[in-house]
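A closer look at the structure
Residues per chain are reported as follows:
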Amino acid sequence: MRNYQDRVAVITGGASGIGSSLCRTLGANQATVIVTDIDIEGAEKTARAIIESGGQAKAVLLDVTQAADVQAVLNEVAAEFGRIDYLFNNAGIGIAGEMHDIDIAQWRRIMDINLLGVIYGASIAYSFMLQQGSGHIINVSSLAGLIGYPTATPYATTKSAIVGMSLSLREEAADSGVKISVACPGFVQTDFFDSATLLHAKKEDILQQIPFSMMSADQAAQAILRGVENNRGIIIFPFYARLLWWLYRIHPLLIRPVARKIVQDFRRVKQKSQ
């Protein structure tokens, strides 16, 4: 893996899951890591683990739904270190449930965090990176952002928008020295479902219905960083995710049986919980 010495990396949602693994992997490879999260205790734990292993890190409280706060944090990083080399827009939440059970407030919350939070980070960091003539923005989406995910429509909506924004901005930035990538992982073993909103379903039942095996957060972080090092526009993993995306591009109906099974399994879980 690349040596990130003298590189400054900002990670949102760095307190847990893929974000924490990205922070620790970057720290182990000599990056200066800015661990941001609304969970400041979790962010401090991640930063402390990096420092105790001989790396450089600091934890910063950040609510990505507040554009002014994102601006202030990135201003502070640029002022302290003189540059921002990487921004990993990773913070996000999930909602599992059928569309007719999801209210507008829940839609607004997931849009604020998953989409607007990424937009704020990307647009502000992009301005800094244009000035310095270099940098790499990595927006964490999902396989759901490429092929959809029934029973998680708000989540898939935000992740699809992230893909569209990232691919569009990548072309705008192509001649500027700034790189843009979007990561689209399949299922990753994290605490994601602990904080997700689950409507008419229990966490353990949802996990049992997932149709593919989960990879670890550390494996996901390594896959993302390999994609970053190769400047891939879309970083999609593991193999089944690439296969499903390939089938979907050939003809969307080829993966409809998988989508239908997800819906049927969820409805069985929903009946069980009622």
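Residues numbered from 1 in each chain as written. Predicted model: local features only at pLDDT ≥ 70, side-chain atom pairs only at ≥ 80, totals over all residues. Heavy atoms only, no water.

**A look at the side chain of S142**
Note that S142 resides in the loop between strand 6 (135-140) and helix 5 (144-147). The buried category is assigned to S142, whose relative accessible area is 8%. Among the polar contacts listed, one links the side chain of S142 to the backbone nitrogen of A144, at a separation of 3.0 Å. Not counting residues within four places of it along the chain, the set of residues in contact with S142 comprises Y155, K159, A183, C184 and P185. (Helix = DSSP H or I, 4+ residues; strand = E, 2+ residues; numbered from the N terminus. Buried < 20%, exposed > 50% of the residue type's maximum accessible area, 1.4 Å probe, protein only. Polar contact = N/O pair within 3.5 Å; in protein donor to acceptor, adjacent residues only side chain to side chain. Contact = heavy atoms within 4.5 Å.)

**Quick notes on the packing of aromatic side chains**
Enumeration according to the criterion identifies six aromatic pairs in this entry. Aromatic pair Y86 and F88: ring centres 6.3 Å apart, planes at 25 degrees, arrangement stacked. For the pair formed by Y86 and F88, the shared burial category is buried. Taken together, the ring pairs in this structure connect Y149, F187, F212 and Y240 into an aromatic cluster. Positioned above the aromatic ring of W245 is the side chain of R249, whose terminal nitrogen or guanidinium carbon lies 3.8 Å from the ring centre. (Phe/Tyr/Trp six-rings, centres within 6.5 Å; stacked < 30°, edge-to-face > 60°. Lys NZ or Arg CZ within 6 Å of the ring centre and 35° of its normal.)

**Side note on the nonpolar core**
V10, L74, V77, I84, M129 and I137 are the most contacted members of the largest nonpolar core, which has 36 residues in total. Those elements that place two or more of their residues in this core are strand 1 (8-12), helix 3 (67-81), helix 4 (104-132), helix 6 (153-173) and strand 7 (178-185). For this core, the element with the highest residue contribution is helix 4, accounting for nine residues. Each residue touching I84, except ones within four places of it in the same chain, is listed here: V8, V10, L74, V77, A78, F128, M129, Q132 and G135. Core analysis: the second largest hydrophobic core is formed by 29 residues, L26, V33, I50 and V228 among them. (Core = buried A, V, L, I, M, F, W, Y, C linked by side-chain atoms within 4.5 Å.)

**A short note on the sheet that holds strand 11 (residues 234-237)**
What holds strands together in a sheet is hydrogen bonding between their backbones, with the strands either parallel or antiparallel. With respect to topology, seven strands assemble into an open sheet ordered 3-2-1-4-6-7-11, the strand pairing being parallel. Each edge of the open sheet is held by one strand with a lone partner, namely strand 3 (56-61) and strand 11. Adjacent strand axes in the sheet meet at a mean angle of 15 degrees when their direction is disregarded. Where strand 1 and strand 2 (residues 32-37) come together, five bridges link them in parallel fashion. Counterpart to I11 in the pairing with strand 2 is V35. Most of the contacts of helix 2 (residues 40-52) go to strand 3, to which it runs at about 175 degrees, and overall it touches strand 2 and strand 3. Those strands touched by helix 3 are strand 1, strand 2 and strand 3, and its axis lies near 150 degrees from that of strand 3. (Pairing = 2+ DSSP bridges. Axes fitted to C-alpha atoms, helices over the stretch in contact; angles between N-to-C directions.)

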